[in-house]
Amino acid sequence: MKMKLSLVLSILSAARVGAQTYIPITESDQWRIITSESKSGWALDLLELNFYSDASCSKDSKVNPNGEPIDSGNAGGSWLPKYAFNTPGRYWGGRKSDGFFWIGMRFTEVITVKCIDLLQGADPHYGPEWTVEARQAGSWAKVAEKKNILPSKEHVRIQWIVLEPTSRPTESPFSSPTKPCADDPNFVKGRGGR
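Everything numeric here is computed off the predicted structure, so don't read it as measured data.

Undergrad: Describe the sheet that holds strand S9 (residues 130-136), and please don't skip the residues or the numbers.
TA: With antiparallel pairing, 5 strands are arranged side by side in an open sheet as S5-S7-S3-S9-S10. The open sheet has two free edges, formed respectively by strand S5 (68-71) and strand S10 (139-146), since each of these has just one partner strand. Taking each pair of neighbouring strands and ignoring which way they run, the sheet shows an average axis angle of 25 degrees. Inspection of the sheet shows strand S3 (residues 27-35) paired to S9 by 4 bridges, in the antiparallel sense.

Shown next as structure tokens:
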């Protein structure tokens, strides 16, 4: 019985996508996006990275990027991670570390994030897929992902919704019938039918 309960709790607390487990996290003091590939294979250009506290990525819910930009590595100089956050005309020139490109923000307090919006550089320095991760208990936890991203001058949004469990099932707005329904032959006839 204890094993079944653990299995049910695991299914309820995480969504399974392919072989990856995604945990519905919305609060952390560190957030990042990560990918293992770029079309060029050696560099990634990211013009913008924005965090939002609402799953709709509305302007009103944009998180102030007042933390410390963090990354896997960069080309230095004018390609630092800080340029992906509110610096029009400049961007992050990402480099791999341990097989991954990643960029994010370490905040001084826990913030709520439910959507990330990014704008990548031109072909071939773009990532065709991204995973959102949040730092939890000293480790990075996978939150959401977006695959099959094509080079574009359009923003890419990665959104996730966390549904809170209810204490009991929702009640139906209709009562169950007490006797089986039967067709009323006069119903159609009275309205000019058959």
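Once the structure has been displayed, the description carries forward.
Undergrad: Could you give an account of the nonpolar core, with specific residues and numbers?
TA: Taken as a class, soluble globular proteins show a tendency for nonpolar side chains to be buried jointly. The biggest cluster of nonpolar side chains holds 29 residues, and the ones touching the most others in it are Trp-31, Ile-33, Leu-49 and Phe-51. Listed by contribution, the elements that provide at least two residues to this core are S3, strand S4 (44-52), strand S7 (101-112), strand S8 (115-120), S9, S10 and strand S11 (156-159). Ranked by the residues each element gives to this core, the list is headed by S7, at 5 residues. If near-sequence neighbours (up to four positions away) are discounted, Ile-33 is found in contact with Leu-46, Leu-49, Phe-101, Trp-102, Ile-103, Ile-116, Leu-118, Trp-130, Thr-131 and Val-132.

Undergrad: Could you give me a rundown of the state of the cysteines, with the residues and numbers involved?
TA: Enumeration according to the criterion identifies 1 disulfide in this entry. One disulfide in the model links Cys-57 with Cys-115; its S-S distance is 1.7 Å. Here the S-S torsion is close to -75 degrees, and the disulfide linking Cys-57 with Cys-115 is therefore left-handed. One end of the pair, Cys-57, is in the loop between S4 and S5; the other, Cys-115, is in strand S8, and 58 residues separate them in sequence. Each of the two residues, Cys-57 as well as Cys-115, counts as buried.

Undergrad: Break down the packing of aromatic side chains for me, citing the residues and quoting the values.
TA: Throughout the structure, instances matching the rule amount to 4 aromatic pairs. Seen in terms of ring centroids, Phe-51 and Phe-107 are 5.9 Å apart; in terms of plane orientation they differ by 75 degrees. Their pairing is edge-to-face. Placement of the pair is Phe-51 in strand S4 and Phe-107 in strand S7, with a sequence separation of 56 residues. You'll find Phe-51 and Phe-107 in the same group, each marked buried. When the centroid spacing of 5.4 Å and the interplanar angle of 75 degrees are considered together, the rings of Trp-79 and Tyr-91 count as edge-to-face. With a gap of 12 residues between them, Trp-79 in the loop between S5 and strand S6 (92-94) and Tyr-91 in the loop between S5 and S6 connect regions that are remote in the sequence. According to the relative accessible area criterion, Trp-79 is partly exposed, its value standing at 32%. Within the aromatic cluster, the residues linked to one another by ring pairs are Phe-51, Phe-85 and Phe-107.

Undergrad: Before we move on, could you go through the pattern of salt bridges and cite the residues and values that matter?
TA: In total, this model carries 5 salt bridges according to the counting rule given. Among the ionic pairs, Glu-133 bridges to Arg-32, the shortest N-O distance being 2.7 Å. Of this pair, Glu-133 sits in strand S9 while Arg-32 sits in strand S3, and the two are 101 residues apart along the sequence. Of the two residues, Glu-133 and Arg-32, both sit in the buried class. In this structure, Glu-145 engages Lys-147 in a salt bridge whose closest nitrogen and oxygen atoms are separated by 4.0 Å. Residue Lys-147 is classed as partly exposed on the basis of its relative accessible area, which comes to 45%. Salt bridges sharing common partners tie together Arg-32, Glu-133 and Lys-142.

Calculation notes
- Residues numbered from 1 in each chain as written.
- Predicted model: local features only at pLDDT ≥ 70, side-chain atom pairs only at ≥ 80, totals over all residues.
- Heavy atoms only, no water.
- Pairing = 2+ DSSP bridges.
- Helix = DSSP H or I, 4+ residues; strand = E, 2+ residues; numbered from the N terminus.
- Axes fitted to C-alpha atoms, helices over the stretch in contact; angles between N-to-C directions.
- Core = buried A, V, L, I, M, F, W, Y, C linked by side-chain atoms within 4.5 Å.
- Buried < 20%, exposed > 50% of the residue type's maximum accessible area, 1.4 Å probe, protein only.
- Contact = heavy atoms within 4.5 Å.
- Disulfide = S-S within 2.5 Å.
- Phe/Tyr/Trp six-rings, centres within 6.5 Å; stacked < 30°, edge-to-face > 60°.
- Salt bridge = Lys/Arg side-chain N within 4 Å of Asp/Glu carboxyl O.

Geometry only, nothing functional implied.
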